[in-house]
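So you can see what is in the structure, the chains are spelled out below.
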Amino acid sequence: MNKILILFAHPAFKRSTINAALRDGIEGEDGITIHDLYGAYPDFFIDVDYEQRLCEAHDIIIFQHPFYWYSTPAILKEWLDLVLEHGWAYGSQGNALAGKYTLQAITAGGDGASYRTGGTNGHTIGELISPYRATASLCGMHWLPPFVVLGVHRGLPGVIVNGHVERYRQAIIALRDGRVNYQEAARHEYLNSNLKAIIREP
Amino acid sequence: MEHFLLQLFIFLIAATIAVPLARTCRLGSVLGYLIAGIVIGPFGLSLIAETEEIMHFTEFGVVMMLFLVGLELKPSLLWQMRTPILGIGGSQVFFSTVLITLIGILFIPWQQALAIGLTLALSSTAIVLQTLREKGLLNTGPGRSIFSVLLFQDLAVIPILAVLPLLAVAGVHGEAHHGAFFDLTALPGYARLLVVLVAIGFIYILGRYISRPLFRRIAATRMREIFVAAALALVIGISLLMIAVGLSPALGAFLAGVVLADSEYRHELESDIEPFKGLLLGIFFISIGASLNFTLIGEQIWLIEGIVLGLVAGKFAVLFLVSVVFKMPKAERWLFGIALCQGGEFAFVLFQFARVNGVLPQPLTETLISAVALSMFIAPLLFLVYERFIGPRISHAALSREHDHIDGHDHSVILAGFGKLGTDLGRFLISAGIKPVILDHNETSVELLRNFGFEVYYGDATRLDLLESAGAAEATLIIICLGEHEPARQLVTLVRKHYPHLKIAVAAEDRRAVYEFMDLGVVTMRRKTFDSALALGQDALQLLGYDRYEAYRLMRLFRKKDEDTLPELYRIFTEDRDSYISMYRQHNHELAELMVKDQQTDMDELDKAWAGGNPHE
Ligand SMILES: Cc1cc2nc3c(=O)[nH]c(=O)nc-3n(C[C@H](O)[C@H](O)[C@H](O)COP(=O)(O)O)c2cc1C
């Protein structure tokens, strides 16, 4: 069984719909730690030591956040800057993260069509999150495609939201139980492009 | 009575005229006093006659000075200095004695030569320390070495007094009555040692255990003059004790100072004794100037000149050599040599003592005393030469780096008031590696906090002399956390007036207090309870279910806006007090609107903006 760390970053959790729902869906599950960064560090004063211990104690690290300005909310950048220390995460002595798996769980306002070359946003999600991919590679981590929820807005019908919540839950549980076919997953644009194809039934 | 007052008046007037004059000519106060002495002395205006008695009395200034020096030297620091004291001091006294004795043997019997050698090896504690202090050199590397030598010399006086009578060549002329302050009783061997040890032990116990509860009691009366009286009584009492057991009172006072250096009453004692010391020493220097016998000097001009030059040159050579042997940095050797190459005030006493004991003939002592006095007159001039010509070639950095190294307690921050706020602030600064001089006026809390390991000093920070002895002249910053507004305001005024270079940070009682401090030109201040109020407010929002980040942001927003409006409200407060309250309310209202607005962003609109497949729609 893999231990999963969800680094959750939403600056206004009270006003979140989709991220709150996704998070609620997995709350309380065994082997899953949800760590709310804005809640823990409202003043951005990140406890580097604690964060590093947390990472060391888990096998899969997931960054869950809304897509803000084609990137992450600010605290995640601060987290990367401070926690991924030389000699710990990278450098000749830094291999604390090596061999672990990592992915992002992103919700975005723009829809699938907009995140295409030639689409209104001009770039694919994969292109835009390439810094995370490079980071993972530098730290010797296995990068997995992001779990993506696109075209999000407050008016989204309940069934659709529930569908996303359910799929997120499936994916996380499967990752935890080691039922994800990593090679297969790597071939898809998003982790949730076709969940059935990458998850083995228990 | 009248006569005494008149004498005192002449001395004081001479000092008030001569010292500022000497200062403007950048000659240093010691030279000013000496010149004043010559002017009012028998060879000048003949305003005073009997100087010897005055000299004896005012010699007590030296005792006080050593007490003050001791106060600045903690026992641990003194222990660190044991090598320079014994090593450098010991070899200076030894080699100077040998050199002078050898030269003396060419002219006089060896016993006399040795007596003169021992006496002339000593330097002038009064002049040297005063000058070093004035020039801010006492805490530098060479300053410490010089001080070590002086301390050793002070110690050496005791055995010298014991040895001198053994050198008598002629029969003793009359009763061996000698200098009041450097007396030795004629107890035999170990008994004397025992008495001496008991006396020193008593000083230790007095300083360590008896003085503190005593001073606390006295401090509680809040009557300054009683504290001054107690401080004076302490120094005088110790001197009397030392005389009784045959030790140098200067040494005893120094020891008492060292023992009290750790005490919370250090700065208070310092500022109480300081003016007395200054006055006594000043008069002491004047009487040296007045005692210069120009008739004698005129008659034996060549002899005396020769002795003075030989003395200064010989001692300088020895000192320089010692400094080389002890591997003192090159930059410090000149100062070391120049500072200590004169004869000292001990010589007056010792020569007198030697004469009475039949060691030296009367005419010779007179000549020698004149030579010593002249060399003391030259001493400040030599300092001047050093400052003008040698000092500038030596980088000051070389001196001050040593300073950091040796003197760990280089306070540059004064923390006035160590109440609840001050304590937390002090803890913070100390953790950050900044060690402020902490002053507090509450004797009970000073005691308590001392038990917790804080280096707090008892004293009223709104007193100028206390600020001075806490180091305000050299400090960079004063942080004012007094319990009440009025004293804090006084302190700010005082600091702005006397130490304009000193940066000020104030904990203000409330908004009004802030305005008053702004009136006084303070720029850095915090309302005492403002930040804890907001922090608690943030906690409250959280407990009510607000996101932590949101609660934090609201707190910051409020603080920022509140601080932003401060200058505006201050302006209205000072210019148009009638509309102040309405203005204050209006600001609060605007702030409330702003904070709610921050929460009511139209999320639906925002969603639409991003969700629309095309941002340009
Ligand atoms: C500051 C900000 C920046 C945003 N930037 C983007 C963006 O670059 N691309 C995008 O598709 N949506 C963007 N959005 C929309 C958010 O991604 C969307 O509101 C969020 O995923 C909704 O999730 P939530 O309900 O958990 O808040 C942005 C929203 C905000 C408030």
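As shown above, the structure is provided for reference.
Keep in mind it's a predicted model, so treat the numbers as computed, not measured.

**Q** Help me out: how do you make sense of the sheet that holds strand 1 (residues 413–416) of chain B in this one?
**A** Residue and element names in this part refer to chain B. If you trace the six strands from one edge of the open sheet to the other, you get 3-2-1-4-5-6, paired in parallel fashion. A strand with exactly one partner marks an edge of an open sheet, and here the two such strands are strand 3 (456–458) and strand 6 (524–527). Across this sheet, the average inter-strand angle for adjacent strands is 20°, counted without regard to direction. Where strand 4 (residues 477–480) meets strand 5 (residues 503–508), four bridges bridge the pair, whose relative direction is parallel. Residue pairing for strand 5: Leu477 is matched across the bridge by Lys503.

**Q** Where do I start with the nonpolar core in this structure?
**A** Side chains of nonpolar character tend, in soluble globular proteins, to be buried together. Residue and element names in this part refer to chain B. In terms of nonpolar packing, the biggest core is built from 131 residues, with Phe67 and Phe285 touching the most fellow members. Per-element tally for this core: the top contributor is helix 9 (residues 141–163), with eleven residues. Apart from residues lying up to four places away in sequence, Phe285 is in contact with Val30, Tyr33, Leu34, Ala126, Ile127 and Gln130. Formed by 36 residues, the second largest nonpolar core is a distinct cluster that contains Ala508, Met525, Leu566 and Leu569.

**Q** What am I meant to see in helix 8 (residues 125–134) of chain B here?
**A** For an α-helix the count is 3.6 residues per turn, leaving residues at separations of three or four pointing the same way. For helix 8 of chain B, a buried count of eight out of ten residues is recorded, marking the element as mostly surrounded by other parts of the structure. Every buried residue of helix 8 of chain B is listed here: Thr125(B), Ala126(B), Ile127(B), Val128(B), Leu129(B), Gln130(B), Thr131(B) and Leu132(B).

**Q** So what exactly am I meant to see when it comes to the pattern of salt bridges here?
**A** In a structure, side chains of opposite charge can pair up when their charged atoms sit close to one another. A complete count under the given rule lists 41 salt bridges over all chains for this structure. For Asp49(A), the salt bridge is made with Arg53(A), and the minimal N-O distance between the two is 3.1 Å. Taken as a pair, Asp49(A) and Arg53(A) lie in helix 3 (residues 48–56) at a separation of four residues, close to a single helical turn. You can call Asp49(A) partly exposed: its relative accessible area is 47%. Judged by relative accessible area, Arg53(A) falls into the partly exposed class, the value being 39%. Measuring nitrogen to oxygen at the nearest pair gives 2.8 Å for the salt bridge that ties Asp465(B) to Arg224(B). Here Asp465(B), found in helix 22 (residues 464–469), pairs with Arg224(B), found in helix 11 (residues 224–245); they are 241 residues apart in sequence, far enough to count as distant.

**Q** What am I meant to see in the environment of Ile438(B) here?
**A** Residue and element names in this part refer to chain B. Locating Ile438 in the fold gives a position in strand 2 (residues 437–440). For the pair formed by Ile438 and Ala461, sequence separation is 23 residues and the distance between their alpha carbons is 9.5 Å. Those residues within four positions of Ile438 in sequence are excluded, and the remaining contacts are Leu415, Phe418, Glu455, Val456 and Tyr457.

**Q** I keep staring at a nonpolar patch on the surface and nothing clicks. Help me out?
**A** Residue and element names in this part refer to chain B. On the surface, a nonpolar cluster with roughly 600 Å² of combined accessible area is contributed by Met1, Phe4, Leu5, Leu8, Leu12 and Leu279. Considering each element in turn, the nonpolar patch owes the most residues, four residues, to helix 1 (residues 2–24). The topology assignment puts Leu8 in helix 1.

**Q** Just to check I follow, could you spell out the interface of chain A and chain B for this structure?
**A** Where interface size is given, it is often the accessible area lost as the parts come together that is meant. With 22 residues of chain A at the contact, the number on the chain B side is 18 residues. Roughly 1700 Å² of surface becomes buried between chain A and chain B when both sides are summed, with 54% attributable to carbon and sulfur atoms. Looking only at chain A, the three residues that lose the most surface to chain B are Arg15(A), Pro42(A) and Arg154(A), adding up to 35% of its buried area. Applying the counting rule to chain A against chain B returns two salt bridges. Arg154(A) is the salt-bridge partner of Asp607(B), the closest N and O atoms lying 2.8 Å from each other. Between the two partners, chain A and chain B, sit seven residue pairs in polar contact (both at pLDDT 80 or more). Of the residues assigned to the side of chain A that touches chain B, the class counts are ten nonpolar, seven polar and five charged.

**Q** Mind showing me how you'd approach the environment of Leu477(B) here?
**A** Residue and element names in this part refer to chain B. By the element assignment, Leu477 lies in strand 4. Judged by its relative accessible area of 24%, Leu477 falls in the partly exposed class. Sequence separation between Leu477 and Leu502 is 25 residues; the distance between their C-alpha atoms is 5.3 Å. When sequence neighbours within four positions are dropped, the list of residues in contact with Leu477 reads Ser412, Val413, Ile414, Leu502, Lys503, Ile504 and Ala505.

The rules behind these values
Every chain is numbered independently, its residues counted from 1 as its sequence is written. Chains and ligands are labelled sequentially in the order written, the chains with letters from A and the ligands with numbers from 1. With the structure being a predicted model, the display of local features is reserved for residues of pLDDT at least 70 and the display and counting of side-chain atom pairs for 80 or more, all residues being used for whole-chain, interface and lining totals. Working from all heavy atoms in the structure, the side-chain values ignore hydrogens and water. Paired strands, in this sense, are two strands between which DSSP finds at least two bridges. Comment: elements are numbered from the N terminus, with helices defined as DSSP H or I runs of at least four residues and strands as E runs of at least two. To get an axis, fit a line to the C-alpha atoms, keeping to the stretch in contact for a helix; angles then go from 0 to 180 degrees between the N-to-C directions. Nine residue types can take part in a nonpolar core, namely buried Ala, Val, Leu, Ile, Met, Phe, Trp, Tyr and Cys, and a core is a set of them joined through side-chain atoms within 4.5 Å. Burial classification: accessible surface area is computed with a 1.4 Å probe over protein chains only, and a residue below 20% of its type maximum counts as buried, one above 50% as exposed, and the rest as partly exposed. Should any heavy atoms of two residues lie within 4.5 Å, those residues are considered in contact. Any Lys or Arg side-chain nitrogen located within 4 Å of an Asp or Glu carboxyl oxygen qualifies as a salt bridge. Residues qualify for a patch when their relative accessible area is over 30% and they have no salt bridge, like charges being joined within 9 Å and the nonpolar side chains of Val, Leu, Ile, Met, Phe, Trp and Tyr within 5 Å. Note on areas: these come from Shrake-Rupley sampling with a 1.4 Å probe, and a residue is covered only by the protein chains present in the view. By convention, the term buried area covers the 1.4 Å-probe accessible surface removed from two parts as they join, with the contributions of both added. For the purposes of these results, a polar contact is taken to be a pair of N or O atoms within 3.5 Å, where, inside protein, one atom must be able to donate a hydrogen and its partner to accept one; residues adjacent in sequence count only when each atom of the pair is a side-chain atom. Classes in brief: Ala, Val, Leu, Ile, Met, Phe, Trp, Tyr, Cys and Pro nonpolar; Asp, Glu, Lys and Arg charged; the others, Gly included, polar.

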